[in-house]
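So you can see what is in the structure, the chains are spelled out below.
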2 protein chains.
Amino acid sequence: MLDALYKPKSVAIIGASTKELSIGNRIIKNLLDFGFKGSVYPINPKADEVRGIRAYNSILDVSSEIDLAHVIIPNKFVPQAVEDCGKKGVKVAIINSAGFKEIGGEGILLEEQVVKKAKEYNVRVFGPNCQGIINTNPNVRAYCNFTFTKPETGCISIIAQSGGVGEVINQRFSELDVGIRMYASNGNACDISIPEIIRYWSDDEQTRVIVVHVENLSNPKEFMEAAKETAVKKPILGMKTGRTKEGAKAVSSHTGGLAKIDIATELIFKKCGIVTFRDQEELCQAAVAFASQPIPKGKRVGIITNTGGPAIIATDELVEAGLEIPQLSNNAIKILKEKLYSAASVNNPIDVLATGGGEHFRAALDVLMNEPQIDSIFINFVTPFFVDTDMISQEIVEENKAHKKPIICNLMTDKRQWTKTINILKNGGVPCYSLPETAARALIAMTRYNDLKAREIGEVQIFNDVDREKARRIIKESKKEGGEFLPAEKVNNLLAAYNIPIAKWGLVNNSKEVLKEARKIGFPVVVKVDTKSIVHKSDVGGIALNLEEKEVESTVKDMERKFTAEKPSFFVQEFLSGGKELIIGAKAEKDLGHLILFGIGGIYVEILKDVAFGITPITALEAKEMLSSIKSYSLLSGFRGEKGVDQEKLVEILQRVSQLVTELPMVQEIDLNPIIAYENRVVVVDARIRI
Amino acid sequence: MLDALYKPKSVAIIGASTKELSIGNRIIKNLLDFGFKGSVYPINPKADEVRGIRAYNSILDVSSEIDLAHVIIPNKFVPQAVEDCGKKGVKVAIINSAGFKEIGGEGILLEEQVVKKAKEYNVRVFGPNCQGIINTNPNVRAYCNFTFTKPETGCISIIAQSGGVGEVINQRFSELDVGIRMYASNGNACDISIPEIIRYWSDDEQTRVIVVHVENLSNPKEFMEAAKETAVKKPILGMKTGRTKEGAKAVSSHTGGLAKIDIATELIFKKCGIVTFRDQEELCQAAVAFASQPIPKGKRVGIITNTGGPAIIATDELVEAGLEIPQLSNNAIKILKEKLYSAASVNNPIDVLATGGGEHFRAALDVLMNEPQIDSIFINFVTPFFVDTDMISQEIVEENKAHKKPIICNLMTDKRQWTKTINILKNGGVPCYSLPETAARALIAMTRYNDLKAREIGEVQIFNDVDREKARRIIKESKKEGGEFLPAEKVNNLLAAYNIPIAKWGLVNNSKEVLKEARKIGFPVVVKVDTKSIVHKSDVGGIALNLEEKEVESTVKDMERKFTAEKPSFFVQEFLSGGKELIIGAKAEKDLGHLILFGIGGIYVEILKDVAFGITPITALEAKEMLSSIKSYSLLSGFRGEKGVDQEKLVEILQRVSQLVTELPMVQEIDLNPIIAYENRVVVVDARIRI
């Protein structure tokens, strides 16, 4: 697929330069310094050679085949260069040059020209306005990039939308002495996209972990598909930056206000099974563990320690993240009692004591590896001067060879003195950390990945009792009539078409019929004047709540007097009291579908922002998770003897709303607010639909 | 004060050993390796010399003066060793030996003996069951400790309750190439305490930052006093570990359940002005900045960057923590336009571009140093190969010399290649970080310290309109009568004595008088049967709410019939409706005073745990902060046209409750629940006091 990009046999540099401090020179230097296994062809009409390599006037002058070309010339010449590449049969062009979409105006047109030429001449484009790629594969050694950090060979692949962020992550791995596999920063991404690269790495066996940084997703659906398929095969660690602009915006009770694109990216990550990070350090440290260790099958951690305080910190961190430190079996305790010092602590955490040696660590490791209720092992290893710490390292490495359960090691030592102890662990593939929190978080991330993988979100249920024809007709009519918002009657009919339960209602043309309609519905009722000219009905006395039979006629007469000019119709509705006020909404998200929201109404939305989001279409499990993830969930499930609400029905309504917006993508926004939920009934009281 | 401990001219090792891998040998090795400037006297009756130094039979055989003695002998011999130290005139004994309070039983008695002997012979004791101290002062070089990490000289001093945690922190600074000043881990702390050491460092000019780790505070009041006095002079960075045991306990609506000792430590830290951390990495990285930079005077950050993505991350991090990135003045923008490249971004964040050189960074720094609306400077510095990055470093160092505003640098480079650039910054005292988040958090911590310092919590207001005599009498009587909880009448009288407003009430002996009393109070009323034998009155029909005049007599008659055997009195109370339900409580905390709690009642406490805590006595500012720190504060301040409540009155009640428990420390628990608050009135409806 992208072999010509990542495993080029030959690279041309269009814009090769003899100036030491230019990108057109630096890329050649990087290729040479990194030991590129293929051929390099500088293209420069004014020079005979660049860095001692013969230069060509034009790429068309090169007689050999060229897989990959860097383009580092002023923007306006780039379309021609792409054409030349096509003519020469170049498979991929990395366009490092800037001055395209990112500058707007002419740049956009220029980028369109590049794309057109590339299609015409069958050249794939990476960039423009980008860094490039790196492949550390010893048979390739491609450093097609103008940055400067030279990674070791490893099995972490990095793709970053921001070149700066990508390079910082690359540097951090380098500092941590951890190798990488491949690297990509594709700038404007006019052709070769992040999803395509993820798919490529999905099939690359040597890539064990993928690190993804995004600022915004230009093609969320494609990204989701690629990431979802890949994340079941290997972990993807994701980070989204640029949160605060959105975060600063005030949150209102309307779906539109609550659902930010920022939330969308986090939801996409979750839906794909990407392990999400908010911190590059945490991401990099976790990647180190992912790169060498098997994935834990559950959240039960066995801890081995030879010191107290740091074990407490590790426990705090693990337990706060929902991991468990289970008790050991009687048999395990029996073995530990035999093999450890008498003062040792023989339950989880196992304290082998500062005086514990290799055989004690080994015994504890053996026990934890064999305990069925332990999924992962956390070692707290301080290096006292009075024990043979090299031996301890060796025993840990021996246990690690089986790759049975993940081992994470918090190694507390002086790196200047205990180099041998450290190197044994490092060469034995045991991930080591300097602090208990850092080590614990790496293990937490691995456990989160397992949770995401194990989570069976199920299939999206399609309700076939819905009347799609009717729903489409309603929307078509509304479109004809103009106006963004559907009138109340149409809203109710549309919800009814999707079997979303609404409070009993009726619409009558004149005041005389209100009472008759109210009797049909049952008392008490709500009466609203229905006229297009009045938006805020309650402000002008256009709504009357909780009317008993005897009150209806006089109230309606009053209303009629007030609104006589508008010749209003009257909307009569069942009045509901008690129950819990809830809110469900959905909002179209560009190139993605809809974000769907659930929350408890009133103050919970307004003040506490206690809402949960999903991306449509949602499955029953996702709907259930939305319910249970709000902070005030016990209001739904019942607490202190108070009864809960019909959650099954709520889950169904969420799924039906999801189906509605999925089947009717022209719906821009839907707000069911409030929904009143009782123990045995859930009913929409008011709704708004924008198309 | 502690000079003999930290600046000993001579150190004896009681229990010096010829065995290489023993602590009694290691401490001597450490002293020698670290270049101790004083004399070392091994005490060992069986050896002539230890590590080439003449050994003595007994400390009493040494003819020179001895300031400090290590004691590393079996626990039962320690009291005698302390006596010997006394006889010899040793000023401080570091007792490394274990087997004291921490093992319970005999160990406790043994520790008491040690303390007694030490007092008798005027020897100060550090430990027992401890590591010891380090002083990097070039004139002292005391490594009186058996650990192994040898710190560089610096200005961070570390005190850790857990030796393991202390050593890990020491190691982390060593890894970060940052020096420390002094170190202490005093184990059981039977004499020389953490507060005493903090006070000593408070006066040590070379200590610029103090790092404190605690697991639990044995003497919170002393700690608070020492920390408070010190924190106004220099930053104290604090970390408390061992959170989850408490965290796991279910939280109930009662103050007792909500107020955990864990919360107490965090409150103590806050009250003292300690900058609190939950993560050692964050703490250590922040300490690096504190060690060299002036404290920012406010939260307004100027950012200089030469790359995009990492600047976004820094901005996210800073803004999410409440810091600001203000616009620059017109004059500043004008200067930047003149001095930077035309494509540079001349507002905050200032992007000098990747091609920006030393002069551009200098221009941007000059501008930010002179902008009055900028308090601190964050530099995002990637090292492109095509600019003179050494020059950039030099310009940053030049600006840093003035120590006018703090400079924090996120230096994105390959440490193996850009060593000169890095060293210029390092030697110039500019704190450098590898990731924007890490750098941002260090700056955030410094800004938090400034906030804590600038926060004028004011004096505790004493209300002199209270009737202390009456209050004491009530409690005395209740004690005589026995019973943990005060009866309702006494509760009300006690609150009244402190002028805490309660709902109008009366107590009558028989049913006949209820109506009369109710008329006095005004309708509607609440009537409760008042009898000691019935605890849960509402379960058995002993409470009637919202009674109008006509309902009173029949209701009371019904009650009387039900409870005829108990010959009840009747408690008549004003019935309050509407308003906001609030809760205030206080609970005695051992060795500390009381924790005081404020929250919104009902579901906010039960489900959302939306409460705030303080330590008594609280000032008006602290009470105000308690109000405003709850998540649903807008319920109090009013939102969407709904009126708020009388916050001034609430603040006063909080202060009065604080005064009550301070003046009546025998009150174990007080719960005002609910309090009903209106726009112009706040009134306690029900209360419970436990003594």
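Residues numbered from 1 in each chain as written. Chains lettered and ligands numbered in written order. Predicted model: local features only at pLDDT ≥ 70, side-chain atom pairs only at ≥ 80, totals over all residues. Heavy atoms only, no water.

Asker: Mind showing me how you'd approach the pairing of strand S13 (residues 236-240) of chain A here?
Answerer: On a regular strand, each side chain points to the face opposite its neighbour's, so the side chains alternate between the two faces of the sheet. All names here are of chain A. Extensive coverage of S13 is indicated by the burial of five of its five residues. Here S13 shows a buried face lined by Ile236, Gly238 and Lys240 and a second buried face lined by Leu237 and Met239. Assessed by its sense of winding, the connection that carries the chain from strand S12 (residues 209-214) through helix H7 (residues 220-231) to S13 is right-handed. One ladder, built from three bridges, connects S13 with strand S14 (residues 275-277); its direction is parallel. Its bridge partner lying in S14, Met239 is registered against Phe277. (Buried < 20%, exposed > 50% of the residue type's maximum accessible area, 1.4 Å probe, protein only. Helix = DSSP H or I, 4+ residues; strand = E, 2+ residues; numbered from the N terminus. Right-handed = clockwise from strand over helix to strand, strands pointing away. Pairing = 2+ DSSP bridges.)

Asker: Would you mind showing me how to read the sheet that holds strand S21 (residues 525-530) of chain A here?
Answerer: Hydrogen bonds between backbone atoms are what pair the strands of a sheet, whose relative direction is either parallel or antiparallel. Residue and element names in this part refer to chain A. Taken in spatial order, the four strands line up as S20-S23-S21-S22 in an open sheet, and their pairing is antiparallel. Only two strands of the sheet have a single neighbouring strand rather than two, namely strand S20 (505-508) and strand S22 (543-547). When strand polarity is set aside, the average angle formed by the axes of neighbouring strands in this sheet is 20°. Pairing geometry for S20 and strand S23 (residues 569-574), over four bridges, is antiparallel. Considered in S23, the bridge of Trp505 is made with Gln573. Against the sheet, helix H20 (residues 514-521) engages S20, S21 and S23, with an angle of about 20° to S23. On top of the sheet, helix H21 (residues 549-562) reaches S21, S22 and S23; it is set at about 170° to S22, its chief contact. (Axes fitted to C-alpha atoms, helices over the stretch in contact; angles between N-to-C directions. Contact = heavy atoms within 4.5 Å.)

Asker: Even after reading the chapter, I still don't get the interface of chain A and chain B, so can you show me in this structure?
Answerer: A common measure of how large an interface is: the accessible area buried when the components associate. On the side of chain B, 67 residues touch chain A, which itself brings 68 residues to the contact. Counting every contact that joins chain A to chain B gives eight salt bridges. We note a salt bridge from A:Arg441 to B:Asp279, for which the minimum N-O separation is 2.2 Å. Linking chain A with chain B are 14 residue pairs in polar contact (both at pLDDT 80 or more). When residues of the side of chain A that touches chain B are traced back to their parent elements, those giving at least two are helix H2 (23-33), helix H5 (163-175), helix H11 (280-292), helix H12 (309-320), helix H17 (436-454), helix H22 (603-606) and helix H24 (634-637) of chain A. (Salt bridge = Lys/Arg side-chain N within 4 Å of Asp/Glu carboxyl O. Polar contact = N/O pair within 3.5 Å; in protein donor to acceptor, adjacent residues only side chain to side chain.)

Asker: Honestly, helix H21 (residues 549-562) of chain B in this entry has me stumped. Any pointers?
Answerer: Since one α-helical turn is 3.6 residues long, residues separated by three or four positions face the same way. All names here are of chain B. Looking at H21, one finds that the buried residues are Val552, Thr555, Val556 and Met559. Buried residues of H21, seen end-on, are gathered within an arc of 105° and therefore sit on one face of the element. The exposed set on the far side of H21, more than 90 degrees from its buried face, consists of Lys550, Glu553, Lys557 and Arg561. Tucked inside the fold, the buried residues of H21 contact helix H20 (512-521), strand S21 (525-530), strand S22 (543-547) and strand S23 (569-574). (Arc of directions from axis to C-beta.)

Asker: Teacher, can you tell me more about the domain arrangement of chain A here?
Answerer: All names here are of chain A. Once the domains are mapped, chain A shows domain 1 (1-131), domain 2 (147-292) and domain 3 (294-454). Once you take the C-alpha centre of each, domain 2 and domain 3 turn out to be 29 Å apart. In this complex, domain 2 contributes 19 residues to the contact, which on the side of domain 3 involves 17 residues. Between domain 2 and domain 3 the total buried area reaches about 1,400 Å² when both faces are included, carbon and sulfur atoms providing 64% of it. Looking at the side of domain 2 facing domain 3, the largest losses of area belong to Ala289, Phe290 and Ser292, adding up to 33% of the total buried there. Where domain 2 meets domain 3, there are zero salt bridges. Connecting domain 2 to domain 3 are six residue pairs in polar contact (both at pLDDT 80 or more). Elements that contribute at least two residues to the side of domain 2 that touches domain 3 include exactly S14 and H11. The element that contributes the greatest number of residues to the side of domain 2 that touches domain 3 is H11, accounting for seven residues. (Domains from an automatic or database assignment. Buried area = accessible area lost by both parts, 1.4 Å probe.)

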